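Chain by chain, the residues run as shown.
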Amino acid sequence: MKQVFLETFGCQMNVADSDRMESLLFQSGYLRTDQKEEADLIVVNTCSVREKAEQKVYSLFGQLLPLKEKNPDLILGLAGCLAQQEGDRLARRIPDLDFILGPDTIENISDAVAQAARQTKPLVWTRFDSHKEYSIPVLDVEDQPANLSAFVNIIKGCDKFCSFCIVPYTRGREKSREAEEIYAEVRSLVKRGAKEIFLLGQNVNAYGKHGLNKPIAFHELLYGVAEIPGVERLRFTTSYPGDFTEGMIRAYKDLDILMNHLHLPVQSGNDRILELMRRGHTAAEYRDMIARLRDAVPDIAVSSDIIVGFPTETEAEFEDTLKLMEEVDFDNNYMFSYSPRPGAPAAEWEDTVPEADKKLRLQKTMDLQNRLTLKNAQAFVGRKVEILVAERMERNGSDFKGRSPQYWTTHITGGNGELNIGDTAVVEIKETKGRVLIGRRTASGNG
Ligand code: SAH
Ligand code: F3S
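Residues numbered from 1 in each chain as written. Chains lettered and ligands numbered in written order. Predicted model: local features only at pLDDT ≥ 70, side-chain atom pairs only at ≥ 80, totals over all residues. Heavy atoms only, no water.

1. Section: the side chain of Asp399
Inclusion rule: Only runs of H or I of at least four residues qualify as helices and only runs of E of at least two qualify as strands under DSSP, and these elements are numbered from the N terminus. Throughout this description, buried means an accessible area under 20% of the type-specific maximum (1.4 Å probe, protein chains only), exposed means over 50%, and partly exposed covers the range between. This count recognises Lys and Arg as positive and Asp and Glu as negative, with His and chain-terminal groups excluded. Any Lys or Arg side-chain nitrogen found within 4 Å of a carboxyl oxygen on Asp or Glu counts as a salt bridge. Polar contacts, as used here, are pairs of N or O atoms within 3.5 Å; protein pairs need one atom able to donate a hydrogen and one able to accept it. Residues neighboring in sequence count only if both atoms are side-chain atoms. Any two residues whose heavy atoms approach within 4.5 Å are treated as being in contact.
For Asp399, the position within the fold is in the loop between strand E15 (384–392) and strand E16 (400–403). Of the side chains with opposite charge, Arg440 comes closest to the buried, unpaired Asp399, at an N-O distance of 6.6 Å. Within the local environment of Asp399, its side chain forms a polar contact with the backbone nitrogen of Gly414, the two atoms lying 2.9 Å apart. The contacts of Asp399, once residues within four sequence positions are left out, are Glu391, Arg392, Met393, Ile412, Thr413, Gly414, Gly415 and Asn416.

Here it is as C-alpha cells:
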C-alpha cells in the first residue's frame, strides 16, 4: 500500500475531518504513516481561526517543500479552513502544491489525489456543497479499529456570525446530519472498539434546526445516542449559549452516560463587548444558564473560551471578564488574544488595544484561570472517580492515564497487570500535580 501523512491543525472538527480522509484514502489504497519522509502523499489540514494557527501552517510548508524536491512524485495537498479561505492565493504562492480542498469538499479526496497526479497546476476544489442535505455516508471499514474516544460530526457550519470569527465564512451555513446516519456511524464505531463518543460541530446545540427530513432537537439526539448498546460515555462540543436549552439540562440529569462537562464559550464578561461581538446574550444571561445547570447537576464541570483585547475593550470592561470568570468559577478556559481575521466584520474595525496591553490582559486571565483550575482540582482529593483508561504511562511512577467524567486528566497508580486500555477504573484521588489528578485504583476494580 502507498502511505499518507496527515498533519492536523485546529479544532476537533479538523481532527474528525482528518480521520475521515484517512478512511477514504484507505479505501483507495493508502495507509496512514507518521513519518512524513516515507509518505507518497502528504495532506495538511489547516486552521485559520487565529493568526497563530495560520503561521504554523506556513512554517510547516517550509519543511515539506524540500521533500517534494527530493521526491517529485510526492503528492502534496492542503485541506481545511485556511485552504478554503486562501485557496487561489495559496495555489499561486505555492505552485508545488498538488491540490487544495475546503472542509466541505474533503469527501472528494481520492478523486483529487488521482486528478492531481495527472496535472501540473494545483487543483483548487473549495466550492461549498450546495446540496441541501448534509450527509457523511458510513464507510464499510470493519477492519479499521476506531479510536477509544471517537468523534462524530452531527452538524456543520455556523450561522451565528460573531463579528470576530471566520468560521461562518470558511465552513458555510449550519446543516445537520440525519439522526439515522449518526446512529449508524456510532454503531459502527462501537463495533470497532470505541467506548466514548464525542458529538461534534461548531454549534452542536443548533442541531436539528435546519432542514432535517426527520426533525429532532439536539437533546433528543443525545437520548437517541445514549440508547445505542456499547456507548459508555457521551460528550459533545462546542455549544453556543444562544442555543442553550432546558432540554440539555434535562439530558444531563437523566442520562448517566452523558458526562458531566459542558464547554460553553462566553468570550467576554462585559455586555458592551458581547454586543459588539454579536454573541446574542448578556453576561447576566450566561450566569443564569450556568446557575440553572448547576442547580440541576451540581457536580458539572464548566469550561469556556475567552477573548481579550477585542477592539475598543477598556481596562474596566476587561475586568468584567475577570469578574465573570471568578464568579462562574470555571474549571478550565481557553484564552485568546484578539487577532483580526480578514473577512470577519471586526477586521474592518480599528484594532485599538495595543499588543502590550493584550498580552498583559491575556496573562491576567491565565493567572486567574490557573488559580481556579488548581483550586477545583484540589476539590477532588479524597474522592473516588471513574476513569476511562486511555493510555499506558511510561514515566512519573503512574501506570495509566485517562479522563474523569468532568474531563480532568487523571494519572492512575496501582493498575499494572490488572487494567487494560478501555477499562473504566474506580480511582481514589490522592493528590494533584498542576491540573492533573493523581490517584490510586481502588480494590473494587473495574466498573
Ligand atoms: N464554535 C466555536 C468557535 C470556534 S473558534 C465556539 O462557539 O466555541 C474557537 C475559539 O477561538 C472561539 O470561541 C474564540 O474564543 C476564539 N477565536 C475565534 N476567532 C478569534 C479571533 N479573531 N481572535 C481571537 N480569538 C478568536
Ligand atoms: Fe464563530 Fe461565533 Fe460561530 S465564535 S463558530 S461565529 S458561534
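Following the structure, the description resumes.
2. Re the side chain of Thr432
Along the polypeptide, Thr432 turns up in strand E18 (residues 424–433). Residue classification places Thr432 among the buried residues on the basis of a relative accessible area of 18%. Within the local environment of Thr432, its side chain forms a polar contact with the side chain of Gln378, the two groups lying 3.0 Å apart. When neighbours within four sequence positions are excluded, Thr432 is seen to be in contact with Ala377, Gln378, Val381 and Leu437.

3. Topic: the nonpolar core
For clarity, the cut-off: Definition of nonpolar core: a set of buried residues of the types Ala, Val, Leu, Ile, Met, Phe, Trp, Tyr and Cys, connected through side-chain atoms within 4.5 Å.
Judged by nonpolar contacts, the single largest core of 58 residues is most densely connected at Ile197, Leu199 and Phe236. No other element matches the six residues that helix H6 (residues 179–191) contributes to this core. The contacts of Ile197, once residues within four sequence positions are left out, are Ala150, Val152, Val186, Leu189, Val231, Arg233, Leu234 and Arg235. Val44, Cys47, Leu74 and Ala91 belong to the second largest nonpolar core, which has 22 residues in total.

4. A look at unusual backbone geometry
Of note, the bond from Thr237 into Thr238 is cis; its omega dihedral lies within 30 degrees of zero at 0 degrees. For Gln267, which is not glycine, the phi dihedral falls at a positive 75 degrees. Relative to the helices and strands, Gln267 resides in the loop between strand E12 (261–263) and helix H9 (271–276). Residue classification places Gln267 among the buried residues on the basis of a relative accessible area of 6%. Positive phi is not limited to glycine here, since Arg278 has a value of about 60 degrees. Within the fold, Arg278 resides in the loop between H9 and helix H10 (283–296).

5. Considerations on the site of ligand 2
Short version of the rule: For each residue, the test is whether any non-hydrogen atom lies within 4 Å of the molecule or strand; if one does, the residue is near. Side-chain classes follow a simple rule in which Ala, Val, Leu, Ile, Met, Phe, Trp, Tyr, Cys and Pro form the nonpolar group, Asp, Glu, Lys and Arg form the charged group, and the remainder, Gly included, forms the polar group.
The local shell around ligand 2 consists of Cys158, Lys160, Phe161, Cys162, Phe164, Cys165, Val167, Pro168, Gln202, Asn203, Tyr240 and Arg279. Considered class by class, the residues forming the shell around ligand 2 number eight nonpolar, two polar and two charged.

6. Re the site of ligand 1
Selection criterion: For the accessible areas, the method is Shrake-Rupley and the probe is 1.4 Å, while residue cover comes only from the protein chains on display.
Around ligand 1, a shell composed of 14 residues is seen, among which Arg50, Gln202, Gln267, Asp305 and Ser339 lie nearest. In this structure, an oxygen atom belonging to ligand 1 sits 2.7 Å away from a side-chain N or O atom of Gln267. Asp305 has a polar side-chain atom sitting 2.6 Å from an oxygen atom of ligand 1. Expressed as a share of its isolated accessible area of 540 Å², the protein-covered part of ligand 1 is 91%. Contributions of two or more residues to the shell around ligand 1 are made by strand E13 (301–308) and strand E14 (332–337).

7. Remarks on the sheet that holds strand E5 (residues 99–101)
For clarity, the cut-off: Strand pairing is assigned whenever DSSP identifies at least 2 bridges connecting the two strands. Axis lines are fitted to C-alpha atoms, over the contacting stretch for helices. Their N-to-C directions set the angle, which ranges from 0 to 180 degrees.
Taken together, six strands build an open sheet; the order of strands is E2-E1-E3-E4-E5-E6 and the sheet is parallel. Only two strands of the sheet have a single partner each, and these edge strands are strand E2 (30–32) and strand E6 (123–125). Neighbouring strand axes in the sheet, compared pairwise and without regard to direction, differ in orientation by 20 degrees on average. Where strand E1 (residues 2–8) and E2 come together, three bridges link them in parallel fashion. Its bridge partner lying in E2, Val4 is registered against Arg32. Its contacts with the sheet place helix H3 (residues 81–93) against strand E3 (41–46), strand E4 (75–80), E5 and E6, and it is angled at close to 130 degrees to E4.

8. Quick notes on the domain arrangement of the chain
The condition that has to hold: Where each domain begins and ends follows an automated or database-derived domain assignment.
Once the domains are mapped, the chain shows domain 1 (2–125), domain 2 (131–259) and domain 3 (384–445). Using only C-alpha atoms to locate each centre, domain 1 and domain 3 end up separated by 37 Å.

9. Some words on the environment of Arg341
In this fold, Arg341 is placed in the loop between E14 and helix H12 (355–378). Considering only alpha carbons, one finds Arg341 and Ser48, 293 residues apart in sequence, at a separation of 8.1 Å. Excluding anything up to four places from it in sequence, Arg341 contacts Ser48, Val49, Arg50, Glu51, Glu54, Phe164, Ile166 and Ala347.

10. Focus: the pairing of E1
For clarity, the threshold we go by: Looking down the strands as they point away from you, a crossover is right-handed if its path from the first strand over the helix to the second goes clockwise.
The β-α-β motif built from E1, the intervening helix H1 (residues 12–27) and the parallel element E2 has right-handed crossover chirality. Pairing of E1 with E3, which is carried by five bridges, proceeds in the parallel orientation. Residue Thr8 lies in a different strand from E3, and its bridge partner there is Asn45.

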